[in-house]
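Summary of structural features
The residues making up each chain are set out below.
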Amino acid sequence: MTVGRVSKLILLSSTVLFSQVANAQEAEAPPQDDDETEVIVVTGSNIAGTPITGALPVTVIGSDDLDAIGASSMDELFRSIPQAGDVAFQEGRTAGGVNDARGDVASVDLRSLGSGNTLVLLNGRRLVLHPGYQTENLVPVTTVNVNSIPNNGVRRVEVLRDGAAAIYGTDAVGGVVNTILRDNFDGLTAEIEYGGSEGTSLRELEGSIAFGRDFNNGQSNLSVFIDYMDRAGMPASDRDYAASYDARDQVIGTPFEGDTDFDNRSTNSPFGEFQTWNYTPTIRQNGTALTSSGDYWHIQPDSVTGCLADLGAGLCIDNSTQNSTSDRVYRYNSNFDRWIYGDNERFNAFAFFNHDFGNGLEFFAEAGLYLSDYMTHREQASPLSAADIIVPASNYWNPFGPVTFSDGSANPNRLPGLNIPDAGVANIINDYRFVDAGPRVINVDNTSYRLLAGLRGSFGAWDWESAMLWSEASTEDRTNRISNTLLQESLALETPDAYNPFNGGNLVDFSNGDSTPNPQSTIDSFMVDVTRENSTELGLWDFKTSRPDLFQLPGGGVGVALGVELRHEAFEDDRDDRLDGTITFTNPISGDFFGSDVLGSSPTPDSSGDRSVFSSYAELSVPLVSRDMNIPLMQAIDVQLAARYENYSDVGDVLKPKAAIGWEVTDWLMLRGSYSEGFRAPNLPQIHERGVERSNTRLDYVFCEADLRAGRIANVDECLRSQSTVSVREGSSTLEPETNTTYSYGFVFQPQLWDRRFGDLTVTVDYWNIQQENVIGIFGDDNHLAYDYLLRTQGSFNPAVIREAPSADDIADFAGTGLDAVGEVIEVQDTYQNLLPRQIEGVDVTVLYDIDDTPLGDFRVSVTAAHLITFDQEPSPEAQAIIDAQDAGEIFSGFVVDGAAGLLRQDGNPEWRATTSITWRNGNWGAGLFGRYTSSVLDTGATLGDGTQFEVDEWYYGNVYVQYTFDREDVLDNTRVRVGARNFTNEAPPLADSTFNYLGTLHSARGRFLYASVRKSF
């Protein structure tokens, strides 16, 4: 049963049932507000009510902020946190194909430290990791899927902007995000919202129900929250700036005008490039050479210069690779097939049950279910150089085919006047995209559930709580793909049923689509469904106890919290049989073996792993000075001391401390600071992932240098020496945990404004500094190629770069350059490793202003800004050697060494992020305004020959809404109507050399999104 059918059935039955119950009790229990009175344990301490919580740098996103932000998902909500970095897990990502965590998934990354460096909690306890993992900086990373949290059930979000490993354990490097859901709800509220992005096909329908009931004379409460969202997606063609992967028209008038960095169309197009197989003589037609000295030739429109042989139907043959300027006009626009946002149905349900036994003992339980059904499109695949697809000489459509077929019939497609054997010549498909097979249709089903039950109570002066949690998540990713084996069989046919890769593409609009497709029956013969099934588990038992007054000091009682936790984590990555080595590909012509039978995908073995973790912690809240002591300029001094020990079944154990202090100088000024040590254990894929191959398009810099020296290009921007490069990577059980030291200091300023007649003002400023060591990473295939380039200019080479012997063409290209000739790259050997230190520092500023009971109503203003000052990764000796050589002018500067040296402003690391929200209430009326600002960054993907990087402009947008709540004795009583616009000025994302021509990790293509909602409370 689909998500939609399940969701609609539950919503319908819940509405009927809950409406009847609510009507029956309406007279005795009026509906409560979302902000019921409760005992709050602030994120960052396990001691309820301790004074030190006022000194912790915690940002609280409350109900007013949630209204102003107006997020339709937790992804949108968490993007509004200024301290949050780029969102690497997001549906617009296309870098890794089936190796990405695709579908309805989003991450949160405080301080831009990378996915997995932020601890995400739900109601104070961990969430199961999303089953799909992907690579960041080429290393597998894992994260919580924040979209699995029910958006409409959120009471508040608390963001601890501080290291918290001593309190919560691993992953809390950048901080902690704790989402608190509504519970103990009494009444019924139903809401429906509809909206869409202006000028696009993106539309969203959302419905939610919140139901709760007190019973057993108020001792028990059952609360249920249900969210449902149905969204129609957005193809890239809906946005002018994203419709074409050639964005050169968007940089006219800048130093990057005409720069090919902004033309990301692919040489893999329906106009194929081929290389003769096992045949080295130059093929000629009536004396005219149709193949190059390296045996290359390609198909092109006959309106493009270079035609040497007419194929008819507007096509011809040229005897070269597709690397000339004239060939660029028929590169393929991948965005023609891609969707920015997919169709998505999401269902979230959460239930709480609480029972107070009346003797100080309380039972609590929660159950959550998340489902999503997601579909999107992306371009069809092209062959990998590591797995040659060969068109046999006997292929019916081969222009270099046999004179007669095996049945004796004449070949109508062999070109006349050829100097080749009568049996014909086979051809390797070099650059070709199977566009006529249609886009890849990607379907991703996500499922997760969460069950928790616990008891809390008191024993003497001690409060205690214990709970057991079990959560599982699974993902099934299905895509229509091409089987290498079945494709090779189709190419081998001697009849018109054979697949024809020589028929070109769109002869009117070269870069988009294919107007000369093969018959669908031929295409269907080699299409298969390919799946990736992942699952994760989280099991947890904890026991914690605390008391506010373990013993007395002159400043007050010393609070203490003690706790233990047992945790089980597991993951399984089950790849399709055609990817994991079960069904492999052996080319029947060459005999070459490849471990994957999926066109365009490297082999990936199944992997799995698990670990158990035991931890214990202690925390003290020490009041050194209290107000009663009447010490000048020391109204209060409170100290937090904490330590946590964790023992892992696979990577050993750690012990990390934390200390924080809050010094209340006066009624209106508090100084605060903290020091903590933290850690992040290697994730399970980093340890257990078996040897995998990944193929990426990389520039071979040493070939570019040869072209420069030979005068074939004027600068490196003109270099066209890209190739599909295979990188071999593998996990390691010798990886050590990443460690970090974090310290911060700042102040809280709360002046008393004339007996509050002019409102309440709070200003906080905090400096923070994080130093990480043993960061898990990889040198990277691009860096390895750069290092190989440097060494070859010095007469040496990088042994991690494995190359073929140079061909005749290669030897000719390097002749007279002073460089030894090299061949194409076979593979780059790369392993995960603990890298050198990283340092990040910045400043957070928050201004809160509340003023009530004015003639115009109540106002609340919030301004939060995060300023990144330093983001430095200490380069490895190899990386430093490349940087030094660039600085000395020994090698060209037209590329950036990945992940080394100063990373500030690079890609996802802007110097400034800020948000502003203004909320107004006056009787039944209300309104809100939310603004978000992101400063400019440098795009490392677009770099001029002198090292100048493209600047991605700053970006800002605003959300606005107006609402009215009816208060009258009829059916509209307690009904709220809201209309609003997200990004009401319709700000487009700034241009970048990236997928869809903007940085999806930082910016959004939704544009102006208009919506209206109705909420009814009973």
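Everything that follows concerns the structure shown earlier in this document.
Computed from a prediction, not measured in an experiment: that's the story for all the values here.

Counting its regular elements, the protein contains 11 helices and 50 strands. In terms of overall size, the protein behaves like a compact globule, its C-alpha atoms giving a radius of gyration of 31 Å where 1018 residues would be expected to give roughly 31 Å. If you line up the protein on its principal axes, its C-alpha atoms span 105 × 65 × 55 Å. By the burial criterion, 58% of the 1018 residues in the protein qualify as buried. Sequence-distant contacts in the protein: of pairs separated by 6 or more residues, those separated by 24 or more amount to 74%. Counting only carbon and sulfur atoms, one obtains 53% of the accessible surface of the protein, whose full area is about 38500 Å².

Another aspect to go through is the nonpolar core. In this structure, I317, F400, I429, F434, I482 and L487 are the most contacted members of the largest nonpolar core, which totals 38 residues. Taken together, the elements giving at least two residues each to this core come down to strand 15 (296-301), strand 17 (315-318) and helix 5 (484-491). The residues touching I317, leaving out its near neighbours within four places in the chain, are L290, W297, H298, I299, G306, C307, L308, A309, L311, F400 and L415. With 32 residues, the next largest nonpolar core counts V108, L110, V146 and V159 among its residues.

Below, the discussion takes up a nonpolar patch on the surface. Taken together, the side chains of I192, Y194, L205, V977 and V1014 present a nonpolar region at the surface, about 410 Å² in accessible area. Looking at the secondary structure, you find V1014 in strand 50 (residues 1009-1017). Given the relative accessible area of 39%, V1014 is considered partly exposed.

The final tally for this structure, using the stated rule, is 35 aromatic pairs. Ring pairing ties together the aromatic residues F185, F225, F350 and F352, which thus form one cluster. The ring of Y133 carries R532 above its face, with NZ or CZ at 5.1 Å from the centroid. In this arrangement the basic side chain of K1016 is found over the ring face of F1018, its NZ or CZ atom lying 5.5 Å from the centre.

What follows concerns the sheet that holds strand 17. The six strands lie next to each other as 16-17-15-12-22-21, forming an open sheet whose pairing is antiparallel. Of all the strands in the sheet, the pair left with one neighbour each is strand 16 (309-312) and strand 21 (390-391). Bridge count for strand 15 against strand 17 is four bridges, and the pairing is antiparallel. By the bridge assignment for strand 17, P301 is matched with L315.

Here the focus is the pairing of strand 31 (residues 652-666). Where strand 30 (residues 636-648) meets strand 31, 13 bridges bridge the pair, whose relative direction is antiparallel. If you follow L641 over to strand 31, its bridge partner there is A659. Once strand 30 ends, the chain turns through three residues before running back antiparallel as strand 31. Both strand 31 and strand 32 (residues 669-680) contribute to a ladder of eight bridges, which runs antiparallel. Among the inter-strand pairings, I661 is bridged to a residue of strand 32, identified as G673. Counting the residues that bridge the hairpin from strand 31 to strand 32 gives two residues.

Turning our eyes to something else, we now look at the sheet that holds strand 1 (residues 58-61). Taken in spatial order, the five strands line up as 1-6-7-2-3 in an open sheet, and their pairing is mixed. The sheet is open, and its two borders are formed by strand 1 and strand 3 (125-126), each paired with just one other strand. Sheet analysis places strand 2 (residues 118-122) next to strand 3, joined by two bridges and oriented antiparallel. By the bridge assignment for strand 3, L122 is matched with R125.

Here is what the cut-offs are and how they apply
Residues numbered from 1 in each chain as written. Predicted model: local features only at pLDDT ≥ 70, side-chain atom pairs only at ≥ 80, totals over all residues. Heavy atoms only, no water. Helix = DSSP H or I, 4+ residues; strand = E, 2+ residues; numbered from the N terminus. Rg over C-alpha atoms; globule rule 2.2 N^0.38 Å. Buried < 20%, exposed > 50% of the residue type's maximum accessible area, 1.4 Å probe, protein only. Contact = heavy atoms within 4.5 Å. Areas by Shrake-Rupley, 256 points an atom, 1.4 Å probe, with all protein chains shown as cover. Core = buried A, V, L, I, M, F, W, Y, C linked by side-chain atoms within 4.5 Å. Patch = residues over 30% accessible without salt bridge, like charges linked within 9 Å, V, L, I, M, F, W, Y side chains within 5 Å. Salt bridge = Lys/Arg side-chain N within 4 Å of Asp/Glu carboxyl O. Phe/Tyr/Trp six-rings, centres within 6.5 Å; stacked < 30°, edge-to-face > 60°. Lys NZ or Arg CZ within 6 Å of the ring centre and 35° of its normal. Pairing = 2+ DSSP bridges.

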